[in-house]
Amino acid sequence: MSDDETTPPYRRPDIDTDERVSDLLDRMTVEEKAGQLVGTWGGHLREGHDFEDVADAVREHHLGVAAPFGWAAPLATDPAEVAEIANDLQRVAREETQLGIPLLFNVDAVHGHAYVADTTVFPNGLGAAATWDPELIEAGAKITAREMRTTGVHQNYSPTCDVARDPRWGRTFETFGESPLLCAKMAAAKVRGYQESDDPVLATAKHFPAYSEPERGEDASPVDVSEYKLRNTFVRPFEDAIAAGVDSVMPSYNSVNGEPSHGSRTVLTELLREEMAFDGHVVSDWNGVRHLADDHKTAEDQRDSVQQAHAAGLDVASVGNVEHAENLVDLVESGDLDEEVLDASVRRVLERKFALGLFEDPYVNAEMVSETVGCDDHREVARDAARASMTLLRNDGVLPLSGDEDVFVGGPNADDIIHQLGGWSVLDADDAAGETILEALRAKSEDHGTSVSYEQGATLSETLDVDAAVEKAAEADVAVLALGEGWYLHEFGPAAQAGVRTGEWPTRSELQLSEAQRELARRVHETGTPVVGVLVTGRPLIVDWLDRNAAGLLMAYFPGTEGGHAVAETLFGENDPSGRLPISVPRSTGDLPQNHDHLAHPRPIGDDEHPPSYAPLYEFGHGLSYTTFEYDDLGVENAELGEEGELDVTVTVSNTGDRPGTETVHVYAHQEVSSRVRPERWLVGFDQVSVDPGESESLTISIPASEFDFYKPREGHVVESGEYRVLVGGAEASFDVVE
């Protein structure tokens, strides 16, 4: 008898995947099926005391998914150790269970494999969006995938597709900003990077369908949103992620129009699968299923929560643990959940395990990990991304530094690598690669033969020796204050190890810098030494005082491991600040909400007495360069656009300064007359062009007609005929959409 005749079909790579999945499904008990749809959290596996708990869950309850390397900082481990843990758990699944189904490991690697020590950490979401460079973000995602697979991890709970509409929300830093188009382009780029890497991982679009405009800005609080806004603002990035082939979607924690997303058939089946044609697998957010009974109160108990979630369309409970698996078995055996529902979900999970090659070889080479993770080539791409994210908000001529200045450096974020990484990263500085802003500035000053003095002056929320900081600042030619926020998750915590405690600043109720940081800035400013503020932050903050008093203001976001060098290079003029804001910076919290694509509306008493309600301190798309640009010759090459065509927008960009620079050209649209109230302008396209001093470059941006459409309730997506305008800089051009 040949080996092929004795080897079960599901173990034969020469057989079609559908046949392999069907063969394996036929061999599985209800308990084995249920286990494949349930994940567990490994806890502090570095200490080893939870390893056997996870192993027992795999052996005895057939759990097929695990998240052993993420979410909480103590899980940051040596990369080789992570690989060894992955291999040890895979051996349990392969060798100590009847069918030998490999495990699927997942992690929140939202800006690099950042919960593992010494990995390459990229700018967090908002900083990534500030590059306006999808190809660069895709390249970074490929590196993240490679570092994940090297350590044995297969699924990334990224990209974040949420459109940030309220900066009070503590997850704003994870998003790609306030524009549905920009979010969509960046999310699709990450999907391609993760899944089309030489070492692909499953991408997960989250948090479907509307998470990022919660009541009061409070994380996971209800979202009550019209169908019009839901479909025209929040769903768009998920559409592009699905078009890019995303393998997985994660529902949001919150309720949307009264229905918790994790238990909503309307959301997970009717909208996501039937209308949007998503055919991947749906994974829960952390305890999203438990919330149905514990918090939303739409389920009687956890058994009812499990039934509602799977009937709605959920496939995998990410950290459901043994209880979830037992409830699934009981629901099927009692007839309260059709086994066909179970089979459909198991099939989706198994298809992905086969596609990743896990049945052939689920193991990784732990001895080779150090050659890949955090290697120089990877870090150079991260440095390029950090450089491209640097957004110069204000400059009275103090920047770039000439190199002859003695520089004073202060502030809570000057010498703190953990603050520089931001949330979803390690919490121990010993686990973080990279250099701080202070370290990088010192290195630059040595190159220029100048000096750097340092005094922190303040933590995020408390003053330190401000007098010492003032004394050193007074002796310097320029003072660089690295201000802003630190490491946090969700509702601005919990990260006591990083000096952030939930309930202390930063909070969602206070967008101003803390009083301690403001005092430091005021006192240093009073010395007469020009102040350059560097904002290391996850969201736009109220910085009107700095706008009035600082000589320069640089938005650095959470720039990652290479952010210190990117900041230093930008301040010394080695990097032209080409970043542009992906989100509006308001003048006050009272101005919220404040987005560039606000709907047209009457102003019965006018705007003559006060700044217009949509006049932020720094508008969406704002960013200065060390050179200057002018736009000329705006035109459209096809003044009549069909519903299936493309509009070619042409413009000439001239560099009128004395330094080379890169300009991001934004194209906005306006519909003259519409059947529904539409935004006064909305972003429909963008591109970048690098121009040498005294030179001009012509640029053509092709915009599909679909960018002028909108979702009309009861009718679907429509592109209405009539007159439109495109706006680029201060110029505009008209065209018609014809039937």
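### As for the packing of aromatic side chains
Within the structure shown, the criterion is met by 16 aromatic pairs. For the pair phenylalanine 173 and phenylalanine 558, a centre-to-centre distance of 5.7 Å together with 85° between the ring planes defines the contact as edge-to-face. One end of the pair, phenylalanine 173, is in the loop between strand E4 (155-156) and helix H8 (180-195); the other, phenylalanine 558, is in the loop between strand E15 (552-555) and helix H23 (563-571), and 385 residues separate them in sequence. In terms of burial, phenylalanine 173 and phenylalanine 558 fall into one category: buried. When the ring of tyrosine 211 is compared with that of tyrosine 253, the centres are 6.4 Å apart and the planes differ by 70°; the resulting orientation is edge-to-face. Placement of the pair is tyrosine 211 in the loop between strand E5 (202-208) and helix H9 (227-234) and tyrosine 253 in the loop between strand E6 (248-251) and strand E7 (255-256), with a sequence separation of 42 residues. Side by side, tyrosine 211 and tyrosine 253 carry an identical accessibility label, which is buried. Three or more aromatic residues link up through ring pairs in this structure, and these residues are Phe173, Tyr488, Phe492 and Phe558.

### Comments concerning the layout of surface pockets
If you add up the space inside the largest pocket, you get close to 840 Å³. Along the wall of the largest pocket there are 34 residues; nearest its centre are Pro180, Asn232, Thr233, Asp597 and Pro679. Contributions of two or more residues to the lining of the largest pocket are made by H8, H9, helix H10 (236-243) and strand E20 (682-691). The biggest single contributor to the lining of the largest pocket is H9, with five residues. Residues of the lining of the largest pocket, tallied by class, amount to 11 nonpolar, 10 polar and 13 charged. The computed volume of the second largest pocket comes to approximately 530 Å³. Considering the residues around the second largest pocket, the lining is formed by 23 residues, among which Glu619, Gly621, Tyr631, Glu663 and His666 are closest to the centre.

### Some thoughts on the nonpolar core
Residues Leu24, Met28, Phe208, Val246, Leu328, Leu350 and Leu683 are the most contacted members of the largest nonpolar core, which totals 101 residues. At seven residues, the largest contribution of residues to this core is made by H8. With residues up to four places along the chain from it excluded, the contact list for leucine 683 reads Trp132, Ser179, Leu181, Leu182, His596, Phe620, His666, Val667 and Tyr668. Listed in part, the 47 residues of the second largest apolar core include Leu401, Val407, Leu554 and Val567.

### Focus on H9
Every buried residue of H9 is listed here: Tyr228, Leu230, Arg231, Thr233 and Phe234. For H9, the secondary structure elements touched by its buried residues are H8, H10, helix H11 (265-275) and strand E22 (710-712).

### Some details on the pattern of salt bridges
The tally for this structure, following the rule as stated, stands at 50 salt bridges. Residue glutamate 323 is joined to arginine 290 by a salt bridge in which the shortest nitrogen-to-oxygen separation is 2.9 Å. One end of the pair, glutamate 323, is in helix H14 (residues 321-334); the other, arginine 290, is in helix H12 (residues 290-294), with 33 residues separating them in the sequence. Overall, glutamate 323 belongs to the partly exposed group, its relative accessible area being 36%.

### Thoughts on the confidence of the model for the protein chain
This prediction gives the protein chain a mean pLDDT of 94; 95% of its residues lie at or above 70. Per-residue pLDDT stays below 50 along residues 44-49; that stretch engages in 15 contacts with residues further than four places along the chain or on separate chains. Confidence drops under pLDDT 50 across residues 71-76; counting only partners more than four residues distant or on other chains, this segment forms 22 contacts.

### Quick notes on a negative patch on the surface
Among the surface-exposed residues, Asp78, Glu84, Asp118 and Glu367 lie close enough to one another that they form a single negatively charged patch. Among the secondary structure elements, aspartate 118 is positioned in the loop between strand E3 (104-107) and helix H6 (125-130). Taking the relative accessible area as the measure of exposure, aspartate 118 reaches 36% and is therefore partly exposed.

### A look at the sheet that holds strand E16 (residues 629-636)
The strand order E16-E18-E21 describes an open sheet built from three strands, whose pairing is antiparallel. Because the sheet does not close on itself, it has two edges, and the strands there are E16 and strand E21 (696-704). Averaged over all pairs of adjacent strands, the angle between strand axes in this sheet comes to 25°, irrespective of strand direction. The sheet contact formed by strand E18 (residues 646-655) and E21 spans nine bridges and is antiparallel. From the neighbouring strand, aspartate 648 faces E21, where its bridge partner is serine 702.

### With respect to the side chain of histidine 310
Within the fold, histidine 310 resides in helix H13 (residues 302-312). In this view, histidine 310 contacts Leu37, Asp315, His324, Leu328, Leu337 and Val341; residues no more than four positions away in its chain are not counted.

Scoring rules and cut-offs
Residues numbered from 1 in each chain as written. Predicted model: local features only at pLDDT ≥ 70, side-chain atom pairs only at ≥ 80, totals over all residues. Heavy atoms only, no water. Phe/Tyr/Trp six-rings, centres within 6.5 Å; stacked < 30°, edge-to-face > 60°. Helix = DSSP H or I, 4+ residues; strand = E, 2+ residues; numbered from the N terminus. Buried < 20%, exposed > 50% of the residue type's maximum accessible area, 1.4 Å probe, protein only. 1 Å grid on protein atoms, 1.4 Å probe; cavity = no way out; pocket = protein on both sides within 12 Å on 5 of 7 lines; lining within 4 Å. Points joined across faces, edges and corners; volume = space filled by probe spheres on them. Nonpolar A, V, L, I, M, F, W, Y, C, P; charged D, E, K, R; others polar. Core = buried A, V, L, I, M, F, W, Y, C linked by side-chain atoms within 4.5 Å. Contact = heavy atoms within 4.5 Å. Salt bridge = Lys/Arg side-chain N within 4 Å of Asp/Glu carboxyl O. pLDDT = per-residue confidence, 0-100. Patch = residues over 30% accessible without salt bridge, like charges linked within 9 Å, V, L, I, M, F, W, Y side chains within 5 Å. Areas by Shrake-Rupley, 256 points an atom, 1.4 Å probe, with all protein chains shown as cover. Lys, Arg positive; Asp, Glu negative; His and termini not counted. Charge placed at Lys NZ, Arg CZ, Asp CG, Glu CD. Pairing = 2+ DSSP bridges. Axes fitted to C-alpha atoms, helices over the stretch in contact; angles between N-to-C directions.

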